[in-house]
Amino acid sequence: MDATVGRRERKKAATRQALADAALDLFLEHGYDRVTIRDVAEAADVSTTTLLKHFPSKEALVFDQDGDREAGLVAAVVDRGPDRSIPAALREYVKRAQLRAPDTDPRFHAFTDLVRHTPALNEYAHRMWIRHQDALARAVAGATGSAADDPRCTALARFALEASALARDSDDPARAVDAAFDLLEHGWSAA
């Protein structure tokens, strides 16, 4: 029975990946607004119903790996070294997650341009990223010994997450992230 469950999960994962790959290929080739959910389903050779079981919306097809982001954000805080500040650890994570080197995927620039220049995707990306605020605030509170509802922890989490939106909308994303985290790390007086 474990082998059957394993095979079923592998098939689900393969279908999900095929859908995400087909969607990205179509979106990059034709533009996000010109591609329908039905187009993606046909390209992946599945029904529209199957697609919607894996992805609740057209936007979700673009951001198929978001599940790891929250764990990564929390780990950046919890697993940082004893001499590393929380903002410094989050700066490094945001840069790695949001500004990964373009040579890791030849379609990196095309993907980021697609998200940046498609209002529905840009807004969705922001909503998806900001939804990690509560988990990140809890991690900050735990790491600092603060109360779970400490507004300073929530503010740090929110502003750290907003740094990625600044990066996404900037012509120089790395500079935007550094400016935001310099402010978080050193306050306005350092500016």
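Residues numbered from 1 in each chain as written. Predicted model: local features only at pLDDT ≥ 70, side-chain atom pairs only at ≥ 80, totals over all residues. Heavy atoms only, no water.

**Brief notes about the pattern of salt bridges**
How we decide: Salt-bridge detection follows one rule: a side-chain nitrogen of Lys or Arg within 4 Å of a carboxyl oxygen of Asp or Glu. Helix and strand assignments come from DSSP, with helices taken as H or I runs of at least 4 residues and strands as E runs of at least 2, each series counted from the N terminus. Here's how the labels work: a residue is buried when its accessible area is under 20% of the maximum for its type, exposed when over 50%, partly exposed in between, all with a 1.4 Å probe on protein chains only.
Applying the stated rule across the entire model yields ten salt bridges. Among the salt bridges present, the one from aspartate 178 reaches lysine 95, with a minimum N-O distance of 2.7 Å. In this pair, aspartate 178 sits in helix H10 (residues 173-186) while lysine 95 sits in helix H5 (residues 86-98), placing the two residues 83 residues apart along the sequence. The partly exposed category is assigned to aspartate 178, whose relative accessible area is 24%. Take lysine 95: its relative accessible area is 26%, and that puts it in the partly exposed class. Where arginine 152 meets aspartate 150, a salt bridge forms, and the shortest distance between an N and an O atom there is 2.7 Å. The class for arginine 152 is exposed, based on a relative accessible area of 62%.

**A short note on a positive patch on the surface**
Applicable threshold: Only residues whose relative accessible area exceeds 30% and that take part in no salt bridge are eligible for patches, with like-charged residues grouped when within 9 Å of each other and nonpolar side chains (Val, Leu, Ile, Met, Phe, Trp, Tyr) grouped when within 5 Å. Method for areas: the Shrake-Rupley scheme with a 1.4 Å probe, in which residue coverage is limited to the protein chains shown. Positive charges come from Lys and Arg, negative ones from Asp and Glu, while His and the chain ends are left out of the count. Where a charge sits is defined by one atom per residue type, namely NZ (Lys), CZ (Arg), CG (Asp) or CD (Glu).
A contiguous patch of positive charge, built from Arg7, Arg8, Arg10 and Lys11, is present on the exposed surface. Mapped onto the secondary structure, arginine 7 falls in helix H1 (residues 2-30). Assessed through its relative accessible area of 48%, arginine 7 is described here as partly exposed.

**Observations regarding the side chain of serine 164**
Note the cut-off: Each polar contact in these results corresponds to two N or O atoms within 3.5 Å; when the atoms are within protein, one needs to be able to donate a hydrogen and the other to accept it, and residues that are neighboring in sequence are counted only if both atoms are side-chain atoms. Note on contacts: a residue pair is in contact if any heavy atoms of the two residues lie within 4.5 Å.
Tracing the backbone shows serine 164 in helix H9 (residues 151-168). Taking relative accessible area as the criterion, serine 164 reaches 1% and is therefore assigned buried. Here tryptophan 129 takes part through its side chain, which lies 2.9 Å from a polar atom of the side chain of serine 164. Sequence-distant contacts of serine 164, defined by excluding residues within four places in its chain, comprise Val94, Gln98 and Trp129.

**Some remarks on unusual backbone geometry**
In this structure, aspartate 45 is a non-glycine residue whose phi angle is positive, near 60°. Take aspartate 45: it is sitting in the loop between helix H2 (37-43) and helix H3 (48-54). Judged by its relative accessible area of 71%, aspartate 45 falls in the exposed class.

**Quick notes on the environment of valine 78**
Checked against the element boundaries, valine 78 lands in helix H4 (residues 67-78). The exposed category is assigned to valine 78, whose relative accessible area is 53%. Along the primary structure valine 78 and alanine 139 are separated by 61 residues, whereas in three dimensions their C-alpha atoms are 6.7 Å apart.

**Some thoughts on the packing of aromatic side chains**
Keep this limit in mind: Pairing of aromatic rings covers Phe, Tyr and the six-membered ring of Trp, with a centre-to-centre limit of 6.5 Å; geometry is then stacked below 30 degrees between planes, edge-to-face above 60, and tilted otherwise. Should the NZ of a Lys or the CZ of an Arg lie within 6 Å of a ring centre and within 35 degrees of the ring normal, that charge is described as sitting over the ring.
Tallied over the entire structure, the rule returns one aromatic pair. For lysine 58, the ring lying beneath its charged end belongs to tyrosine 32, and the centroid distance is 4.2 Å.

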